[in-house]
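The lines below spell out each chain.
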Amino acid sequence: MSQDNWQELERKLFLSTFNRVPVTLVRGKGARVWDDQGKEYLDFVGGWAVNSLGHCPSVVVEALEKQARNLIQASNQFYTIPQIELAQLLVQNSCLDRVFFCNSGAEANEGAIKLARRYGKLRLGGAYEIITANNSFHGRTLAMTAATGQRKFQEPYIPLPNGFVSVEYNNVEAVKVATLNKTCAVMLEPIQGEGGVNVPDDTYLEKVAKWCHEKGILFILDEIQTGIGRTGTLFAYEQYNAEPDIMTLAKGLGSGVPIAAFLAKEDFSLFSPGEHGSTFGGNPLVCAAACATLKYIITNDIPKKVKQVGKHFITKLENLKQQFDFITEVRGRGLLLALEFNSEIAQELVLACLKRGLLVNKVKPNALRFMPPLIITEREVDEAISILQDVLEETRNPKY
Ligand SMILES: *Cc1c(COP(=O)(O)O)cnc(C)c1O
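In short, a report on the structure. Since this is a predicted model, take the numbers as computed values, not measurements.

A count of helical and extended segments in the chain gives 14 helices and 15 strands. The globule rule puts the C-alpha radius of gyration for 400 residues at 21 Å, and the 21 Å found for the chain is close to it. Across its three principal axes, the chain shows a C-alpha extent of roughly 65 × 55 × 45 Å. Accessible surface, the chain as shown: approximately 18,800 Å² in total, 50% of it carbon and sulfur. Taking the average place of the 43 positive charges on the side chains of the chain and the average place of its 45 negative ones, the gap between the two points comes to 1 Å.

As structure tokens, this is what we get:
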């Protein structure tokens with residue numbers, strides 16, 4: 001079937017929720033993917049910050065093959081080894097003590113909120129409200145739509161579950177003012193990903209964490225996008241001196257298999273059997289992939305490499321900013337970076353890059369986001385920069 005036919009079929013068959021770029025991908029290796037016409041692309045989208053080790057990394061493919069032959073699913077009625085190994089890896093390498101596995105980021109956040117509500121009921125006289133931030137993104141379930149501080153996601157689905165209030169990001173006072181007797185937790189992203197790669201001041205998270213501890217409410221970090229090495233440390237909180245009481249993970253954890261988790265400190269691990277659950281959550285197959293991913297990242301100190309390559313990348317982006325006056329900002333940490341423009345040209349840039357064999361993401365109408373595999377090399381970054389340079393030059397001097 002030709003490219004047009006697949007895309008035509010999709011338009012006929014699907015509820016139209018995605019703004020897709022006109023390319024049908026069939027294969028990937030490392031930082032590169034190929035479409036159904038055999039055209040090669042350098043991938044700076046990385047499955048939306050999922051493909052930490054690039055496409056089809058051999059350590060993960062081998063772990064999946066081996067596990068698929070032994071045991072794919074057993075249900076959580078039984079003990080299975082890959083999930084226990086994965087829990088141990090996560091607990092040993094973070095400040096958290098206990099873990100629950102599920103299948104998506106939204107689900108991990110749902111679980112974290114349920115745990116915070118248990119805490120409110122058991123320890124805070126029934127407090128239930130969660131403070132989140134404007135421009136945040138926490139997922140697409142109804143409750144996470146309520147938690148997400150963006151009206152455009154909420155409006156179509158009102159009435160939403162209550163118990164959420166959102167305040168200005170990067171404003172400690174706003175959190176303090178919003179903290180009431182009914183508040184049980186504050187939930188933040190260390191860097192807002194979907195909201196536009198918004199990096200807070202260095203002391204923001206630390207101050208909010210301190211406030212939460214003073215007030216006896218929970219400090220929850222949604223590290224779904226920032227976790228697993230993306231920002232240059234295994235978890236972003238390490239850079240901000242802001243240990244969470246509960247942390248959620250998903251995207252980069254499993255190299256593309258659907259796995260997510262929330263972790264809690266011992267003091268707040270308040271569930272009893274039957275109070276939460278999952279059919280697929282933490283099944284042997286996905287846990288084998290996540291174990292292989294995490295072991296590789298830790299053993300090879302990938303976060304350190306992310307720091308180095310990220311520094312190189314941001315320097316090159318700054319260099320572009322010097323050349324093109326319509327670039328208004330370069331921001332981000334590690335390999336979660338963004339370029340902002342003074343007008344809404346992101347979509348046309350995405351398409352122009354696509355033509356030249358580079359995949360990038362439009363995070364806002366006027367901003368591009370880069371979240372390549374963590375194993376990207378400086379040479380591949382230079383290759384992407386050179387394509388961006390051409391595209392930006394063409395935007396400045398359009399050919400009529
Ligand atoms: C992607 C994302 C989610 C939602 O994850 P899904 O797997 O799509 O449900 C939640 N929080 C953050 C910070 C994310 O980046």
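Moving on, we get to the sheet that holds strand E15 (residues 367–370). Here four strands make up an open sheet; going across it, the order is E11-E12-E15-E14 and the pairing antiparallel. Strands with a single pairing partner mark the edges of an open sheet, and in this sheet they are strand E11 (327–333) and strand E14 (361–364). Sheet twist, expressed as the mean angle between neighbouring strand axes with direction ignored, is 25 degrees. Alignment of E11 against strand E12 (residues 336–341), held across six bridges, turns out to be antiparallel. Bridge pairing in E12 places Arg331 opposite Ala338.

Next up on the list: the site of the ligand. Close to the ligand lie Ser104, Gly105, Ala106, Asn109, Phe137, His138, Gly139, Glu189, Asp222, Ile224, Gln225 and Lys251, which account for all nearby residues. Gly105 is positioned with one of its backbone polar atoms (N or O) 2.8 Å from an oxygen atom of the ligand. In the environment of the ligand, an oxygen atom lies 2.8 Å from a nitrogen or oxygen atom belonging to the side chain of Gln225. Burial of the ligand by the surrounding chains reaches 82%, relative to a free accessible area of 390 Å².

Attention shifts here to the environment of Asp35. When you line up the elements, Asp35 lands in strand E2 (residues 32–35). For the pair Asp35 and Val23, spaced twelve residues apart in sequence, the C-alpha to C-alpha distance is 6.5 Å. Within polar-contact distance, the side chain of Asp35 engages the backbone nitrogen of Lys39 at 2.9 Å.

Overall, mixed pairing links the four strands, which are arranged E1-E2-E3-E13 in an open sheet. Both outer strands of the open sheet, strand E1 (25–29) and strand E13 (358–359), are each paired with one neighbouring strand and no more. Note that E2 and strand E3 (residues 40–43) share three bridges and pair antiparallel. Along E3, the bridge assignment pairs Arg32 with Leu42.

With that settled, consider the side chain of Glu189. Take Glu189: it is sitting in the loop between strand E7 (183–188) and helix H9 (204–215). Reaching out from Glu189, the side chain makes a polar contact with the backbone nitrogen of Phe137 at a distance of 2.9 Å. Not counting chain neighbours up to four residues away, the residues in contact with Glu189 comprise Ser136, Phe137, His138, Tyr169, Glu194, Leu205 and Asp222.

Here we take up the packing of helix H4 (residues 81–92) against helix H11 (residues 284–299). The N-to-C vectors of H4 and H11 enclose an angle of 35 degrees; their axes lie 8 Å apart at closest approach. The element H4 and its partner H11 pack so that their crossing is left-handed. Across the interface between the two elements, Pro82, Gln83, Glu85, Leu86, Leu89 and Leu90 from H4 touch Pro284, Cys287, Ala288, Ala290, Cys291, Leu294, Lys295 and Ile298 from H11.

Enumeration over the complete set of coordinates arrives at ten aromatic pairs. Summarising the aromatic geometry, the rings of Phe235 and Tyr237 are spaced 5.9 Å apart at their centres and angled 5 degrees between planes, so their arrangement reads as stacked. Members of the aromatic cluster, each reached through a chain of ring pairs, are Phe44, Phe313 and Phe370. Just above the ring of Phe14 sits the side chain of Arg20; from NZ or CZ to the centre is 5.3 Å. Looking at Arg27, its charged tip hangs above the ring of Trp34, at a distance of 4.2 Å from the centre.

On to helix H12 (residues 302–323), then. Taking 1.5 Å as the rise per residue, H12 with 22 residues should run 32 Å; its terminal C-alpha atoms sit 31 Å apart, in good agreement. Turning to H12, its buried residues number three or more, namely Ile302, Pro303, Val306, Val309, Gly310, His312, Phe313, Leu317 and Leu320. Buried residues belonging to H12 abut H11, E11, E12, E15 and helix H14 (378–396).

Let us look at helix H3 (residues 58–70). Here H3 contains 13 residues, and its C-alpha end-to-end distance of 18 Å stays within 8% of the 18 Å for a straight helix at 1.5 Å per residue. Residues Val60, Ala63 and Gln67 constitute the buried set of H3. When H3 is viewed along its axis, its buried side chains cluster within an angular range of 65 degrees and face the same direction. Of the exposed residues in H3, the ones pointing more than 90 degrees away from its buried face are Glu62, Lys66 and Arg69. Where the residues of H3 are buried, they touch H4 and H11.

Conventions adopted
Residues numbered from 1 in each chain as written. Predicted model: local features only at pLDDT ≥ 70, side-chain atom pairs only at ≥ 80, totals over all residues. Heavy atoms only, no water. Helix = DSSP H or I, 4+ residues; strand = E, 2+ residues; numbered from the N terminus. Rg over C-alpha atoms; globule rule 2.2 N^0.38 Å. Areas by Shrake-Rupley, 256 points an atom, 1.4 Å probe, with all protein chains shown as cover. Lys, Arg positive; Asp, Glu negative; His and termini not counted. Charge placed at Lys NZ, Arg CZ, Asp CG, Glu CD. Pairing = 2+ DSSP bridges. Axes fitted to C-alpha atoms, helices over the stretch in contact; angles between N-to-C directions. Near = heavy atom within 4 Å. Polar contact = N/O pair within 3.5 Å; in protein donor to acceptor, adjacent residues only side chain to side chain. Contact = heavy atoms within 4.5 Å. Left-handed = near helix turned anticlockwise from the far one by under 90°. Phe/Tyr/Trp six-rings, centres within 6.5 Å; stacked < 30°, edge-to-face > 60°. Lys NZ or Arg CZ within 6 Å of the ring centre and 35° of its normal. Expected span 1.5 Å × (residues − 1). Buried < 20%, exposed > 50% of the residue type's maximum accessible area, 1.4 Å probe, protein only. Arc of directions from axis to C-beta.

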